[in-house]
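Coordinate inspection notes
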Amino acid sequence: MKTSSINKLESNFDSAILRLKEFLSIESISTDINKLSDCHAAADWVFNELNSIGFRSKKVVEGGLPAIISHGPVVKGAPHVLFYGHYDVQPANDLDAWILPPFQPDVVYRNEVKIIHGRGAADDKGQLLTFIEACRALYESTGIPINISFLIEGEEEIGSPSIENVINKYQNELKADVVFISDTSMVEDNTPTIGCQLRGFLGEIITIKGPSHELHSGNYGGAAHNPAALLVRAISKIYEDDGSINLKDFYKGVDEIPFEILKDWLKLDAFGNFYLESVGLSTASGEKDRHIIEKIWSRPCFEINSIFSGYQGAGFKTIIPSTATAKISFRLVDDQDPDHIRAVFRKHIRESIPGDCNVFFESYGSVKAVKMNCQSSEFVLAQEKLREVWGRKCVFAGMGGSIPAVSSFKKYLGLDSMLLGFSRSNDNIHSANEKFDYECFTKGALSWMLILQEMKVTPPEYEI
Ligand SMILES: [Zn+2]
């Protein structure tokens, strides 16, 4: 027999879709200055939605677009979950490529799969609603058994410039036991996935200045320092022949991934040869004897993002350029210290440049890698409930990129974030025809509800 909360959730699905369609029709494009009022409208929508299920919400602004902070009823002695998501979406300017208009959401069949169409369907409005609908069903049936707070921001798609300030300023009221986030994808279509580690980041712009102006290579070639040559030579020394990174102390703080986790990763078909073949390649770069999945989830890397110098126009200009610039980035893991690596990198470049040339550095930000404790009670419970709903073992995955909010939750609140997303790889996030599968929406909401329900059984560490 189904519990009253499951019955409630299922009987709400039709109205939940109407709510989602209403939310998706708001053009909350954070990068578009003309959509400011739409972004406020989306924030207000979240505000009202949460208040309609017994939460108290407030709108906070820390310089940019508003964020919503909201708290449910206090349940003494019960665990406290902070849910983070975002109401802003990517632009949808390539209108010709959209089968249906991006901001006219609809439930339709595509390739015989029932989908919810619309910009933001998967990233992140639909996923955000999986959690809110779980709360709604509990609120309207058995009651919400634990303490739940929300932090929903509107600047995620532009790099979350205000989120650190918001989390810092409101850290007392955002305190919880764990953060839940639904803004990621499943590694395979039906394999529930919890993100457990995110790589860190370090960005740098380097400009080498050589001669005072560009020179005729017939008159100066072979005698004057060429900044483009200096730059590529300095950078290429960082790449060892075996694919490792040759910078002092670079691997300090890098751990081996536990075999138990690696074993699960290696079973994922999506990261076999096909992963590179799908982008027109067939041989892997980087560290020898490492699997692709390790390279992108649990190993650090150094990449040249762009490099430019000299004449870029049509035809040919035989010169020695006066400057050369590169934009580079590191992806970091575990305990690697971005500040130390930046210092070592700058020292290496400086020492590679002759004394009569100059080098200028501009930081493009940095963030430490984040690793969650997958053994903690919430992660173990989630894994159990996900198997119940999806019928398959959940994978504790890594993530190659960084999420600013996750780092700030760790830094200011000391909290791990459980990244539990239900999006599929073909959801066209950030591109035309974004969708969220109806199955993912409903199973996602059910997964959250079962997790929240079980958390009501107060684990020993919460006893007062
Ligand atoms: Zn997102």
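All of these numbers come straight from a predicted model, not from anything done at the bench.

So, how was this worked out
Residues numbered from 1 in each chain as written. Predicted model: local features only at pLDDT ≥ 70, side-chain atom pairs only at ≥ 80, totals over all residues. Heavy atoms only, no water. UniProt positions renumbered as here; feature names shortened; annotations may be inferred. Helix = DSSP H or I, 4+ residues; strand = E, 2+ residues; numbered from the N terminus. Domains from an automatic or database assignment. Contact = heavy atoms within 4.5 Å. Buried area = accessible area lost by both parts, 1.4 Å probe. Salt bridge = Lys/Arg side-chain N within 4 Å of Asp/Glu carboxyl O. Nonpolar A, V, L, I, M, F, W, Y, C, P; charged D, E, K, R; others polar. Buried < 20%, exposed > 50% of the residue type's maximum accessible area, 1.4 Å probe, protein only. Axes fitted to C-alpha atoms, helices over the stretch in contact; angles between N-to-C directions. Parallel < 35°, antiparallel > 145°, perpendicular 65-115°, else oblique. Donors = N, O, S within 2.8 Å, 3.2 Å for Na, K, Ca; no water. Tetrahedral: all angles 85-135°; square planar, octahedral: opposite > 155°, others 65-115°.

**Quick look at the UniProt feature "domain: Peptidase M20 dimerisation" (unreviewed entry) in the chain**
Summarizing the sequence annotation, UniProt attributes the feature "domain: Peptidase M20 dimerisation" (unreviewed entry) to residues 198–354 in the numbering used throughout. Secondary structure content for residues 198–354 is 30% helix and 22% strand, and the end C-alpha separation is 38 Å.

**Concerning the domain arrangement of the chain**
Each assigned domain of the chain is listed with its residue range as follows: domain 1 (4–198 + 370–462) and domain 2 (200–254 + 300–367). Domain 1 and domain 2 are separated by 40 Å when their C-alpha centres are compared. Contacts between the two partners involve six residues from domain 1 and, on the opposite side, five residues from domain 2. Here domain 1 meets domain 2 over a buried area of about 390 Å², counting both sides, of which 38% is carbon and sulfur. At the junction of domain 1 with domain 2, the criterion picks out one salt bridge. Notably, a salt bridge pairs Asp334 with Lys371, separated by 2.9 Å at the nearest N-O pair. The residue inventory of the side of domain 1 that touches domain 2, partitioned by class, reads one nonpolar, four polar and one charged.

**Focus on the side chain of Ser417**
By the element assignment, Ser417 lies in strand β17 (residues 417–421). Given the relative accessible area of 0%, Ser417 is considered buried. Beyond its immediate stretch of four places on either side in the chain, Ser417 contacts Val179, Ile181, Gly195, Met372, Phe379, Val406 and Phe409.

**Let's talk about the packing of helix α1 (residues 4–24) against helix α2 (residues 36–51)**
Packing of α1 against α2 leaves a shortest axis separation of 10 Å and a crossing angle of 155°. With respect to their mutual orientation, α1 and α2 come out roughly antiparallel. Between α1 and α2, the contacting residues are Arg19, Glu22 and Phe23 on the first element and Ala42, Trp45, Val46 and Glu49 on the second. Residues belonging to the contact of α1 with α2 are distributed by class as follows: four nonpolar, no polar and three charged.

**Structural notes on the coordination of the zinc ion**
For the zinc ion, the protein coordination sphere consists of His86 (NE2), Asp123 (OD), Asp183 (OD) and Asp183 (OD), at 1.9 to 2.5 Å. Coordination at the zinc ion is irregular: its four donor atoms span angles of 54 to 144° at the metal. Along the chain, the residues donating to the zinc ion are arranged with the sequence spacing H-x36-D-x59-D. Of this pair, His86 sits in strand β3 (residues 80–86) while Asp183 sits in the loop between β7 (178–181) and β8 (193–198), and the two are 97 residues apart along the sequence. Of the two residues examined, His86 and Asp183, each falls in the buried class.

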